[in-house]
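Observations on chain architecture
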Amino acid sequence: PRKKHTRSMANGRGRTDVADDIVALLHREGVLPARLRQMAWQRLLRLPGNSEAFDSLVARGAHPSCTKLCNSSTAKGVAGMRVHYLISALAHWCPRIAVLSYLPALVFPVTQVFQANHLAAFEFVLAFFMTWAYDWWHSFPGPPIGMLLRAVAILKHADHELYLHFQSLTTDTQ
């Protein structure tokens, strides 16, 4: 049954079928196998795979602001190069992003999931900014207040005990 399920996830069916397959696999296995995570994110988010646009950003070379920003990253070696590559493409897409001191920490887990698939990592981060942080620019360069408030609401609903713990650590969760 496992091989059949894995094949059905990769056969190009619609998003709902793929999402159903992923949920069924999660319920059965308790975790999504690492080998399927990249494909799952690409399918669920419907990443377009626009290599032409991505290649035009990459062709510009390393973004000048990336050196300082990426030197602050704890990622070294191949992982550090992936973070640098992704941040450089993001900075060419939107130069304002390059001033975010927390950007390396934000994109590092994404580079770990997508490994050498730089296009998918780039599109994933764009999907994040365009979906969850669409109002982020209103408080730029400060933290994305709207996104943080939505995250607090989700946490309060999903894990009320953890929410209360965080609330006890600070007087202001708003």
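As the structure is a prediction and not an experimental result, all values here were calculated from the model. (Residues numbered from 1 in each chain as written. Predicted model: local features only at pLDDT ≥ 70, side-chain atom pairs only at ≥ 80, totals over all residues. Heavy atoms only, no water.)

**So, the pattern of salt bridges**
Enumeration over the complete set of coordinates arrives at one salt bridge. Residue Arg 28 pairs with Glu 29 through a salt bridge whose shortest N-O separation is 3.4 Å. When its relative accessible area of 42% is taken as the criterion, Arg 28 is described as partly exposed. (Salt bridge = Lys/Arg side-chain N within 4 Å of Asp/Glu carboxyl O. Buried < 20%, exposed > 50% of the residue type's maximum accessible area, 1.4 Å probe, protein only.)

**Re the confidence of the model for the chain**
The share of residues in the chain with pLDDT of 70 or more is 87%, and the mean pLDDT across the chain is 83. Of all helices and strands in the chain, the one with the weakest mean pLDDT is helix α1 (residues 2-9) (37), whereas helix α4 (residues 51-58) scores best (95). Confidence drops under pLDDT 50 across residues 1-14; counting only partners more than four residues distant or on other chains, this segment forms 24 contacts. (pLDDT = per-residue confidence, 0-100. Helix = DSSP H or I, 4+ residues; strand = E, 2+ residues; numbered from the N terminus. Contact = heavy atoms within 4.5 Å.)

**A look at the packing of aromatic side chains**
By the definition in use, this model includes five aromatic pairs. Considering the side-chain rings of Phe 114 and Phe 124, the 5.7 Å spacing of their centres and the 55° angle between planes classify their relative orientation as tilted. One end of the pair, Phe 114, is in helix α7 (residues 103-114); the other, Phe 124, is in helix α8 (residues 118-131), and 10 residues separate them in sequence. Just as Phe 114 is buried, Phe 124 falls in that class too. Aromatic rings pair up to connect Trp 41, Phe 114 and Phe 124 into one cluster. (Phe/Tyr/Trp six-rings, centres within 6.5 Å; stacked < 30°, edge-to-face > 60°.)

**A few points about the nonpolar core**
One finds Ile 87, Leu 90, Leu 103, Val 107 and Phe 122 to be the most contacted residues of the largest nonpolar core, which totals 35 residues. At the level of secondary structure, the elements contributing two or more residues to this core comprise α4, α5 (66-71), α6 (77-93), α7 and α8. For this core, the element with the most residues is α8, which contributes nine residues. Not counting residues up to four positions away in its chain, the partners in contact with Leu 90 are Ile 97, Val 107, Phe 122, Val 125 and Leu 126. (Core = buried A, V, L, I, M, F, W, Y, C linked by side-chain atoms within 4.5 Å.)

**Quick notes on α7**
Here α7 spans 17 Å end to end across 12 residues, near enough to the 16 Å set by a 1.5 Å rise per residue. Next to the buried residues of α7 lie α3 (34-45), α5, α6 and α8. Immediately downstream of α7, the backbone of Gln 115 shows phi near 50°, a positive value. (Expected span 1.5 Å × (residues − 1).)

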